[in-house]
Amino acid sequence: MTTLTKTRLDIVPLTKHIGAEIRGLDLRERPDEETVAAIYQAWLNHLVLVFPGQNLSQEDLLRVTTYFGETGNLDRPAKYFPAGFSKMLPGIMLISNIRENGEPIGALPDGEMMFHHDMIHKEVPSKATLLYSVEIPSHGGDTLFASGYAAYETLDPAVRARLEGKKALHHYNYGSTQRGDDRGVEAFNEFVHPVFRTHEDTGRKAVYVNRLMTVKVIDMDEAESNQLLNAVYDHAEKPEFVYTHAWRKGDLLLWDNRCSSHARTDFPSTERRLMLRTTVKGTVRPS
Ligand SMILES: [Fe+2]
């Protein structure tokens, strides 16, 4: 199934519930407004967009980010940059395992990462994240995306009824990729949001808790909270709701943190992985 717009934008769904590839677009050039609007709508429909075969400068990546809202993290320029880069522009974050003098140059350097929503521990979490691959390992380091809509719509009604209208606490230790991982424990953030979130653009409800960052359901005893949250995670992470992206150099991915969660598979620590990341600021407190 392919949708063709007037501007010959090919939108190719990747799974039933989540993910679409946008073909025939060179993002070094600014698309016309109609095409930008079509890309935005495709993103709302598919939650995750893949733009393969790009060759983007940092300026290009920052410009593309603005198609989806206001760019985040402009006040936190990257401290380090890898060989081949003479500068890192504000708003661009490195996700990398590359080390210089033994220290990682980027964030989240190693290994597997459990399902999570970016910045759910903040009052106004990021709306979107963009990730562009510069160097990838020979295997592993795949990113898995789960549709929170599909999980919500098919959740066991008994579980859903007990969690409807409830809120949950989210906690994040910066730098940790696994629950209980104590790296970066000195710097953390917490916030409370609804267990099921209504997406402000689509009006659809999505599961808005995750295995990495959600601590507990508020106003519920611990045993019941753990039992219900685990039931939600086990359901939400089922392969039928997940698109697994095996990275190629030059892939740009865009995902919606309001209605999807994502995870990363392990990869060889001996091979280099370098991604450039930008974020789009959220505009509302989740409700
Ligand atoms: Fe993430």
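1. Observations regarding the coordination of the iron ion
Reference values for angles at a metal are 109.5 degrees in the four-donor tetrahedral case and 90 or 180 degrees in the six-donor octahedral case. Taken together, the protein donors to the iron ion comprise His-116 (NE2), Asp-118 (OD) and His-262 (NE2), at separations of 2.1 to 2.2 Å. Each donor residue of the iron ion lies on the same chain, and together they follow the pattern H-x1-D-x143-H. Relative accessible area serves as the criterion here: at 6%, His-116 is assigned to the buried category.

2. Some points on helix α5 (residues 222–236)
If you check α5, its first and last C-alpha atoms are 21 Å apart, about what 15 residues at 1.5 Å a residue would give, namely 21 Å. Listed in full, the buried residues belonging to α5 are Ser-225, Leu-228, Leu-229, Val-232, Tyr-233, His-235 and Ala-236. Down the axis of α5, the buried set is contained in an arc of 165°. They therefore lie on one face. Those residues of α5 that are buried are in contact with β10 (143–147), α3 (148–154), α4 (157–163), β14 (205–207), β15 (214–217) and β16 (242–245).

3. Some words on the pairing of strand β2 (residues 10–13)
Bridge count for β2 against strand β3 (residues 20–23) is four bridges, and the pairing is antiparallel. Within the sheet, the bridge partner assigned to Val-12 lies in β3 and is Glu-21. The turn joining β2 and β3, which pair antiparallel and follow one another in sequence, is formed by six residues; a positive phi near 100° is taken by Gly-19.

4. Description of the pattern of salt bridges
By the definition in use, this model includes 21 salt bridges. Among the salt bridges present, the one from Glu-59 reaches Lys-87, with a minimum N-O distance of 3.0 Å. In this pair, Glu-59 sits in helix α2 (residues 58–65) while Lys-87 sits in the loop between α2 and β5 (93–96), placing the two residues 28 residues apart along the sequence. Look at Lys-87 and you get partly exposed, because its relative accessible area is 37%. Between Asp-118 and Arg-277 there is a salt bridge, and its shortest N-O distance comes to 4.0 Å.

5. Considerations on the pairing of strand β11 (residues 167–173)
The buried fraction of β11 is high, at five of seven residues. Judged from the seven bridges that link them, β11 and strand β12 (residues 188–194) form a sheet pairing that is antiparallel. Opposite His-171, over in β12, you have Glu-190 as the bridge partner. Note that β11 and β15 share three bridges and pair antiparallel. When the bridges of β15 are listed, His-170 appears paired with Thr-214.

6. Observations concerning the sheet that holds β16
One open sheet holds the four strands; their spatial order is β8-β18-β10-β16, and the pairing between them is antiparallel. In the strand order of this sheet, the two ends are held by β8 (113–116) and β16, each with one partner. Going from strand to strand, the sheet's axes swing by 15° on average, the running direction of each strand aside. Pairing of β8 with strand β18 (residues 260–264) involves two bridges; the strand directions are antiparallel. Residue pairing in the sheet places Met-113 in a bridge with Arg-264 of β18.

7. Some words on the packing of aromatic side chains
With the rule as written, the count across this model stands at six aromatic pairs. Their ring planes at 70° and their centres at 5.5 Å tell us that Trp-43 and Phe-68 sit as a pair that is edge-to-face. You can see Trp-43 sitting in helix α1 (residues 33–46) and its partner Phe-68 sitting in the loop between α2 and β5, a full 25 residues away along the chain. Phe-68 sits in the buried class, given a relative accessible area of 3%. On the numbers, 6.4 Å between centres and 55° between planes, the contact of Tyr-67 with Phe-68 is tilted. The exposure classification of Tyr-67 matches that of Phe-68, with both residues buried.

Thresholds, definitions, all that
Residues numbered from 1 in each chain as written. Predicted model: local features only at pLDDT ≥ 70, side-chain atom pairs only at ≥ 80, totals over all residues. Heavy atoms only, no water. Donors = N, O, S within 2.8 Å, 3.2 Å for Na, K, Ca; no water. Buried < 20%, exposed > 50% of the residue type's maximum accessible area, 1.4 Å probe, protein only. Helix = DSSP H or I, 4+ residues; strand = E, 2+ residues; numbered from the N terminus. Expected span 1.5 Å × (residues − 1). Arc of directions from axis to C-beta. Contact = heavy atoms within 4.5 Å. Pairing = 2+ DSSP bridges. Salt bridge = Lys/Arg side-chain N within 4 Å of Asp/Glu carboxyl O. Axes fitted to C-alpha atoms, helices over the stretch in contact; angles between N-to-C directions. Phe/Tyr/Trp six-rings, centres within 6.5 Å; stacked < 30°, edge-to-face > 60°.

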